[in-house]
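Residue-level structure breakdown
Listed here are the chains, written in short residue letters.
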Amino acid sequence: MYDVIIIGGGPAGLTAGLYTSRARLKSLLIEKGFTGGQVMTTEWVENYPGFEEGVSGAELSQKMEKHATKFGLEIMQGSVVDVSLSGAIKKITLEDAGTLETKAIILATGSNPRLLKIEGEDTFRGRGVSYCATCDGAFFKDEKLVVIGGGDSAVEEGIFLTKFAETVYIVHRRDQLRAAKVVQERAIENPKIKLVWDSVPVAIKGDDSGVNSVQVKNVKTGEESSLDVGGIFIYIGYNPNIEFLKGLVNLDENNYIITDETMASSAPGIFVAGDVRAKPLKQIATAVGEGATAAVSAEKYIEENFK
Ligand code: NAP
């Protein structure tokens, strides 16, 4: 029996684990992929306090994991398929490792990249279609690439891709970017970036060697054109990872988990932190704060309910 099981090993989960283990609660973190979450797939982070020169996503993830385990947090790899309540005890079922019991749960499962759902996206995944510039950018030296989206991820990762690519088209469905102003300015000043406004991709074309073009439609004129590119990087937002919860906690209209300011969900003893939570700002800085709050709330809940 654990005191706290944390599901998800990004900045929110690792911070929650740091706090629960320092509170001497028997704590386990379950992660299905690699610790660090989306930060691990981010090339460079320059808005996390304390790293004034910036830090790579991989290094920041490793530091967070090292810091959390220093105080006794256990980390296991596994995929959670079900969470249920049996009185005050919570049961977590893993795909291949049976069922674990815990007094409190912290959900920090984050979110997954949204798909375009257009022709060619599935066929060429891993052969020119990517959702991670850090992972795949270096394969496209001196090639032309296209990035889809106008948010922080699309524009920041588009700038990163200019390290390798000859040209990076950023295709956005409106005539104004959503990304932070400082990031927009950098993109506009970058001679390798070409912004394609009011446009959406409609098909990804290629052959046995992978992607060789992306068909783009102007949403104002209806006109279609083809961009000859070796790869397409898709950054059109994320969907929360909540499939295994099956109605256990209340969600908002976009399927993010609703909490109060103590990070409590609608289910007693289940707390939430990070990108899976309904909130206005998704940042590493906000995720770690929520992880800390969720941990302290879980500690209080255990004190009050398991005397
Ligand atoms: P986002 O902010 O939700 O932006 C998604 C972008 O994709 C938007 O520009 C959106 O267009 C476009 N889009 C959505 N669906 C589309 C579709 N079907 N076809 C074409 N375009 C589509 O997502 P994000 O950039 O991944 O960022 C997620 C969160 O993480 C945000 O809160 C962001 O601020 C944060 N983040 C922060 C940093 C940082 O601070 N350094 C870095 C990365 C991410 P519209 O603009 O028209 O809606």
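What follows covers the pattern of salt bridges. Counted by the stated rule, this structure contains 14 salt bridges. In this structure, D82 engages K246 in a salt bridge whose closest nitrogen and oxygen atoms are separated by 3.5 Å. Of this pair, D82 sits in strand β6 (residues 80-86) while K246 sits in the loop between β18 (238-240) and β19 (270-272), placing them 164 residues apart in sequence. Owing to a relative accessible area of 59%, K246 belongs among the exposed residues under this scheme.

On domain assignment, one finds that the chain holds domain 1 (2-112 + 238-305) and domain 2 (115-234). Look at where the C-alpha atoms of domain 1 and domain 2 centre, and you get two points 31 Å apart. Contact with domain 1, which involves five residues of that partner, is made by eight residues of domain 2. Between domain 1 and domain 2, a total of about 570 Å² is buried, with carbon and sulfur atoms accounting for 41% of that surface.

This part covers helix α1 (residues 11-22). Helix length check: α1 (12 residues) gives 16 Å between terminal C-alpha atoms against 16 Å at 1.5 Å per residue, within 8%. Within α1, 10 of the 12 residues are buried, leaving the element largely enclosed by the surrounding structure. The set of residues buried in α1 consists of P11, A12, G13, L14, T15, A16, G17, L18, T20 and S21. Lining the buried residues of α1 we find β1 (2-7), β2 (27-31), α2 (57-69), β5 (74-77), β8 (99-107) and α6 (284-305). Following α1 by one or two positions, R24 adopts a phi angle in the positive range, close to 60°.

Along the chain, S111 falls in strand β9 (residues 111-113). With relative accessibility at 8%, the residue S111 sits in the buried group. Sequence-distant contacts of S111, defined by excluding residues within four places in its chain, comprise Q38, Y238, N239, P240, N241 and D275.

A regular strand places its side chains so that they alternate between the two faces of the sheet. Both β6 and strand β7 (residues 89-94) contribute to a ladder of six bridges, which runs antiparallel. Each residue of the ladder has a partner; that of D82, found in β7, is T93. What sits between the antiparallel neighbours β6 and β7 is a turn of two residues, in which G87 has the positive phi angle 65°.

Bringing the environment of L14 into the picture now. Residue placement: L14 occurs in helix α1. Residues contacting L14, with those up to four places away along its chain left out, are G9, L29, T35, G36, S61, M64, E65, A68 and I75.

Before going further, it helps to examine the site of the ligand. Taken together, 17 residues sit near the ligand, with N47, D152, S153, R174 and R178 positioned nearest. At 3.0 Å, a backbone N or O of G150 approaches an oxygen atom of the ligand. One nitrogen or oxygen atom from the main chain of G151 is found 3.3 Å from an oxygen atom belonging to the ligand. The protein chains hide 77% of the 920 Å² of surface that the ligand would expose on its own.

What follows deals with helix α5 (residues 181-189). Regarding α5, the residues found buried are V183, Q184 and A187. For α5, the arc enclosing every buried residue in end-on projection is 100°, short of the 170-degree limit, so these residues lie on one face. Opposite the buried face of α5, at more than 90 degrees from it, the exposed residues are K181 and E189.

Once that is clear, we can look at the layout of surface pockets. One number sums up the size of the second largest pocket: a volume of about 250 Å³. Taken together, E43, W44, E46, E156, E157, I159, F160, K163, V183 and R186 make up the lining of the second largest pocket. Of all the secondary-structure elements, those providing two or more residues to the lining of the second largest pocket are α4 (152-161) and α5. Along the lines of polarity and charge, the residues of the lining of the second largest pocket split into four nonpolar, no polar and six charged.

Scoring rules and cut-offs
- Residues numbered from 1 in each chain as written.
- Predicted model: local features only at pLDDT ≥ 70, side-chain atom pairs only at ≥ 80, totals over all residues.
- Heavy atoms only, no water.
- Salt bridge = Lys/Arg side-chain N within 4 Å of Asp/Glu carboxyl O.
- Helix = DSSP H or I, 4+ residues; strand = E, 2+ residues; numbered from the N terminus.
- Buried < 20%, exposed > 50% of the residue type's maximum accessible area, 1.4 Å probe, protein only.
- Domains from an automatic or database assignment.
- Contact = heavy atoms within 4.5 Å.
- Buried area = accessible area lost by both parts, 1.4 Å probe.
- Expected span 1.5 Å × (residues − 1).
- Pairing = 2+ DSSP bridges.
- Near = heavy atom within 4 Å.
- Polar contact = N/O pair within 3.5 Å; in protein donor to acceptor, adjacent residues only side chain to side chain.
- Areas by Shrake-Rupley, 256 points an atom, 1.4 Å probe, with all protein chains shown as cover.
- Arc of directions from axis to C-beta.
- 1 Å grid on protein atoms, 1.4 Å probe; cavity = no way out; pocket = protein on both sides within 12 Å on 5 of 7 lines; lining within 4 Å.
- Points joined across faces, edges and corners; volume = space filled by probe spheres on them.
- Nonpolar A, V, L, I, M, F, W, Y, C, P; charged D, E, K, R; others polar.

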